[in-house]
Structure formats: C-alpha cells, structure tokens
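Inside the fold
The chain contents come next:
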Amino acid sequence: MKNKVLSVALLVLFSLPLFSLSINIRSYDHQGYTRVVLEGDTSFEYKMDADSQALEVTLKKRASVENAIQMVQGSKLVDRVVHNWEEEKSVFRVHMKSRFKVKRSFVLEQPFRVVMDLVQNTAPVAVQSDIVKLKAVPQQNQPNNEAPKANLKSEPPAPQNTVAEKPQEDPQPQVTPETQEGEQDVPDEQDLPKKKMPMIQTICIDPGHGGTDLGAVGRSKLMEKEVTLNLGKKLKRLIESKLGLNVIMTRSTDEEVSLNSRVSKANNQKAQLFVSVHVNSSFRRSARGPETYYVSLKATDQEAFRLSQKENSSFEEIEKIAENDNLKMILWNMAQTEHIKESSKLADFIQYELNILMHTRNRGVKQAPFRVLMRAAMPAVLVELAFLSNTGEEKELKDDAFLARAALAIYTGISKYIYYYNNMYR
Amino acid sequence: MNKKIIYSLVGLALIFFLTSLFIFLKSGSKTNDKKSEPVEQQTDAPVEGPETISVKSFFFAEDSRLMLPVPEEIQLTGIKEQVYRQFVDLLIKGKKNFISPIPEEVTLRTLYLVETQKMLVIDFTEELIHKFPAGTDSELEFIYFFVNNICFNFKEIKQVKFLIGGNEYRTISGHIDIENAFLPDFRYLKLD
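Residues numbered from 1 in each chain as written. Chains lettered and ligands numbered in written order. Predicted model: local features only at pLDDT ≥ 70, side-chain atom pairs only at ≥ 80, totals over all residues.

Residues and elements named next belong to chain A. Read from one edge to the other, the open sheet built from five strands follows the order β5-β1-β2-β10-β9, with strand pairing classed as mixed. Edge positions in the open sheet fall to β5 (63-64) and β9 (100-108), since each of these has one partner strand only. In this sheet, strand β10 (residues 112-120) lies alongside β9 in antiparallel orientation, the contact comprising eight bridges. In the sheet register, Phe-100 faces β10, and the bridge partner there is Gln-120. (Pairing = 2+ DSSP bridges. Helix = DSSP H or I, 4+ residues; strand = E, 2+ residues; numbered from the N terminus.)

See the structure below:
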C-alpha cells in the first residue's frame, strides 16, 4: 500500500511541471454583438478589466497559446488578441476596432470557457463632455476674460506662416456629450451648446521621465529626467506669475509616472493645454537643435491624418469615411484626433520661439505617434529642447541660465497661442 | 519488496517518458504554427520554393539627416521568411562607416508575416528595452530604419510591427507608441 501511495505521489510530482494551462481563443460576430471565448484545458481563475480601447483578461495561471498575437479575421469589433505573461500570470488583451462595452460575461463548463459578449459603444468619446457640462457651471466659475488678455495687450509677433492666418474651416468640433448608457442618451444636436469655447484657464506641464526612468543620459551623466523637471518648474512659475493661469504638473519630484497616468491627470483636471517637456537624443552625435512635436497618425496612415483634419466631422462621420478597419480603430483610440489642428498651431508658436533662442534654422514642427499625447483631450505638444547626445548642447543643458531662457521661450510660445486662441475662438 | 519498488519506479519512469513525449510532440506542432496564418488558409496556398532577391539597404550617416543608400546590392536566397530574416540580420549587423540605430546587444528573436494585413512582425530580444539610449530621435531612427528598409525592398509588406521579447510594448523608451504597426515614411530615405 505504501508503495502505491509513493508511486502516485511521485507520478504527480513528476507530472506537475509539465501541465500548464493551454488556452484557445476564438471570436465570432452574432447579430448585434461579438462573442469572445477563452477556452482552457483546465479551469482557471480570472479577472476582467476594460477601458475604451481594449478588454483585458488576467489569468492567475501561466498559460500557453499558439500565437502571442492572434489577429481576428472578419470581426466587426475585435481586431486582435495579444498575450503577455509575467511570472505566474497571463494577460490577454483583446484590442478593439472601435469603442465598445461588455454586454455580459459568463463561465461555461466542460470544457471550461469564459464567454464575453461585447457590443459597440456608439456614444461619442469623453473628449467633448466638458463643453456640455459648461452649461451647469455657475457664473463665478466661468473663466475670467480679462486676466490673460491684460498680460497680452499688444499682439505679439506671430510665428512664420501663421500671421493673421484664420482657420479655413470652422474650428469648433461638433460636440455631443458622453454617456455611459449608450446611444439612447445622446441628445439631439439642437440641445448642444452653441459654438463657444471656454477661456484657457488650466495648463498641464509634463516633465518627461522620472524615478527609475532616467530618459536620455549625456556623456557627462546629465540625465534627461533632471533637466525636464527643472525646466518644467521654471515654466510653471512663469505661467502662473505672468499669465495668472492654473498649472498642473504631472510630476513635481523625481518620481516615476506612467505615460497613461500623466495624460489621465491632465484629462481629469480638465487642463486645456498639455505641454510635455523632454530632452532629445540621437544615434547621430551631430544632431542638434530644438524640435516641437504634435501627435501624428502618419505612422499608421496618411489617410487617417487627412481625416483627422476634418474638424467639423463627428467621430461617426469620420468613421464612415475611413476606409479600413485599422484606420477606424486608430481614430477612435485617439482622443487627440479632434485637437490636431490646434496642437499644430501651438507647436508652431513654441518652435518659433525656440528657434530664436537656439539660433537654429527651423528643424520644423514635426509629427510622431507619441504615446503621451495620443489620449490627451486637449491641444497637446511635446517639446524636445536640445540633444543630450550632442556634446555642445549637453553643456548648455547643464546651465541653469540657459534653462531659464528656454522656459521663457516656451512660455512666450504658449502665451502667443493663448492670444491667438482667445481671438479665434472667443 | 525491493523488487516491487523497482517495478513501480520503472513504471513511473515509463509513464513520465510517454507523457513528456506526447507533450513535446503536441507543443512542437504548435511552434510550427506560430509564424504562420491560420491553418485553413495555409493548406490552399502554393508551396513556395527558395528564391534569390536583390536588396538595397539604407543606413544613417553622421553628416546626413536622411538614410543613405549603401552602394552594393546584396543577394539573399531562401523562402520568403528566411529572406526577411537574413535582411533584418544584415540590418542589425550594420555597415562600416554608417550608423546603425540599434544597441549592439540586440538580436532578432523571430519574425513572421501576417499575410492578410501585409504586416511583418519583428520580435527583438529584451536588450532593446534595457540597452536603448532613450530619446525621441533615437526611437524614430530605430523604427524607420527597419520599416523603411523592409518596405522599400519587399513590396508585399506594407507595414511593420515590433515586438520585444515576444511581447507587445507600449514604447521603446517612453516616447513613440509601438503598439500599432508602422507604415513606411520614405521621406527618411535619400533616393537616387
């Protein structure tokens, strides 16, 4: 008897490491909803989280799947399922082609399956909700028209190519409020407020990197995270003291803040401009000069960029025009889409001032798909002040007086944008 | 009594061996599927033989913002994904007198073509995260170095997606979003 027990125990012991959870994923469209099924060869515990772009299912076991990325062919809603694992957990991230919500989820046995039914969320994105809420804001909370203008009585010189430039289309995006309940709660267009944008009162400054994320490091060990924090604090002081505006910092100390948290902070606190400050680095040691970026869809599609410029179009209209599913997904994922034209203008103003400061020919305002800018629900830019990889510029970045001048240049660019904005939109 | 123990252990070892063999064979068949599209699509596809392709590579140089063409043309031979792999390895290896925007320690783990999306998925080792020098321009140089070179030479590839250590990452060093695939931007190339 003892031997039998011993044999069984040894068998279990030998066999245990061999059996990991194997997961099969499938998805298919039904009328009105899309079903995603995670089938395991054994049962498993799981946790489900969702944001507007993806559904995340975390398993408390390490699972094996056939492909790390599984493209879902022909689905109206689901684009791909990405599998990552860390230690003894497995995370399945179901990426959507458009905004969605979980209609229901349940578990079936034999074989063990987690079934999730998903539907398209046709309510517009959260970006526009502020404007509707303004109707309920008491008068004393309305922006003070005088303060910023008082500091900008004489019109500052406009950057190149922006002198007296008027938007060719009406710059006000068509707005509808966000609701959690779906399309029935979307009011008629007549209920929406007339086109009038609030004065800029709050600006978010985002000093790049921090904590264990050092950013670029120069030959003299100067770290990007130190420069950006120093520059960010100088910029905050200037904006508060000269413009009297409220400034939010995504970090005020040497701490690590995720890219999503940075933009969430700006969105949650209703910042109206987002300025991320960074220091650049290149594999080419001779690269030098300031650069100002705003977000781009170009990395994924030129056509998407053209569509994003159609500011009078609602997301639904844009989505109809967008020809392929990837494009739709990108447009829906980017809260920044509606602000690209304004972001470009803000970038122009800042870059113009930085060119004067650094005596550089215009390296040009550039576009790239910056993670931190994509979900900003406001005009947003990223400033790369100078190259840490360039010995000469690294020396300048160490100089506090240079950083003070750089902060003043960025501040001037921002204040010119505010002047432009107040004249165009108010 | 001792004999019984020996028989039990031998039996146990046999079971263990057979189970391992079964799992090994099962996982082996899965690994082969990893680089390919769904099986039902594959069965109809014609079997491809090796072919020889001439490629042209572009590299960064210290005195140019654009990627410059390397004078010599290179012949690569193999079936489709072997050729892609050889080309990416060639890019990683670099060229004398040119700049390679890749940390030395980084190597290619695997790559595969998602034919329906005309997308090449390139999976680098995790050294890419640990050894990358940071900086927006560095990230853009890295991304477009691969995307432009690949899409320029292989017309069947319209976009490139990056994985690191088999996983999807949000950024390489905190700037550019790499969750989505990239289309080429040939403005980076100095064309003849």
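Turning next to the environment of Glu393(A). Residue and element names in this part refer to chain A. Note that Glu-393 resides in helix α11 (residues 391-397). Each C-alpha atom, one on Glu-393 and one on Gly-218, is 9.8 Å from the other, the two residues being 175 residues apart in sequence. Filtering out sequence-adjacent residues up to four positions away, Glu-393 remains in contact with Arg-288, Ala-386 and Phe-387. (Contact = placed C-beta atoms within 7 Å.)

Our focus in this paragraph is the sheet that holds strand β13 (residues 273-280) of chain A. Residue and element names in this part refer to chain A. Taken in spatial order, the six strands make up an open sheet running β12-β11-β13-β16-β14-β15, and their pairing is mixed. Every interior strand has two partners, whereas the edge strands, β12 (246-249) and β15 (366-368), have only one. Averaged over all pairs of adjacent strands, the angle between their axes in this sheet comes to 30°, without regard to strand direction. Both strand β14 (residues 291-295) and β15 contribute to a ladder of three bridges, which runs parallel. Within β15, the residue paired with Tyr-294 across the bridge is Gln-367. Where helix α5 (residues 259-268) meets the sheet, it contacts β11 (202-207), β12 and β13, and its direction lies at approximately 170° from that of β11. Lying over the sheet, helix α9 (residues 340-358) contacts β13, β14 and β16 (380-387), oriented at roughly 175° with respect to β14. (Axes fitted to C-alpha atoms, helices over the stretch in contact; angles between N-to-C directions.)

Residues and elements named next belong to chain A. Both strand β3 (residues 46-50) and strand β4 (residues 54-59) contribute to a ladder of five bridges, which runs antiparallel. Its bridge partner being in β4, Tyr-46 is matched across the sheet by Leu-59. Between the antiparallel neighbours β3 and β4 lie three residues.

Residues and elements named next belong to chain B. Taken over all residues, the pLDDT of chain B has a mean of 82, while the share at 70 or more is 84%. The secondary structure element of chain B with the lowest average pLDDT is helix α2 (residues 39-44), at 38, and the one with the highest is strand β6 (residues 119-124), at 96. Counting interchain partners and residues more than four positions distant, the pLDDT-below-50 stretch residues 27-46 has 14 contacts. The complex model carries a pTM of 0.60, and its ipTM stands at 0.72. (pLDDT = per-residue confidence, 0-100.)

What follows concerns α9(A). Residue and element names in this part refer to chain A. Over its 19 residues, α9 runs 26 Å from end to end, which matches the ideal 27 Å to within 8%, given 1.5 Å per residue. A large share of α9 lies buried, amounting to 15 of its 19 residues. Positioned one or two residues after α9, His-359 has a phi angle of 50°, which is positive. (Expected span 1.5 Å × (residues − 1). Buried ≥ 20, exposed ≤ 12 C-beta atoms within 10 Å, placed from the backbone.)

We now examine unusual backbone geometry. Residues and elements named next belong to chain B. Backbone geometry at Asn-97 places phi at a positive 75°, although glycine is not the residue there. Here Asn-97 lies in the loop between α3 (80-93) and β5 (108-114). A positive phi is found at Lys-118, a non-glycine position, where the angle reads about 50°. Relative to the assigned elements, Lys-118 resides in the loop between β5 and β6.

Residues and elements named next belong to chain A. For α5, the full list of buried residues reads Leu-259, Arg-262, Val-263 and Ala-266. Down the axis of α5, the smallest arc covering the buried residues is 85°, so these residues share one side. Of the residues trailing α5, Lys-270 is marked for its positive phi of about 55°. (Arc of directions from axis to C-beta.)

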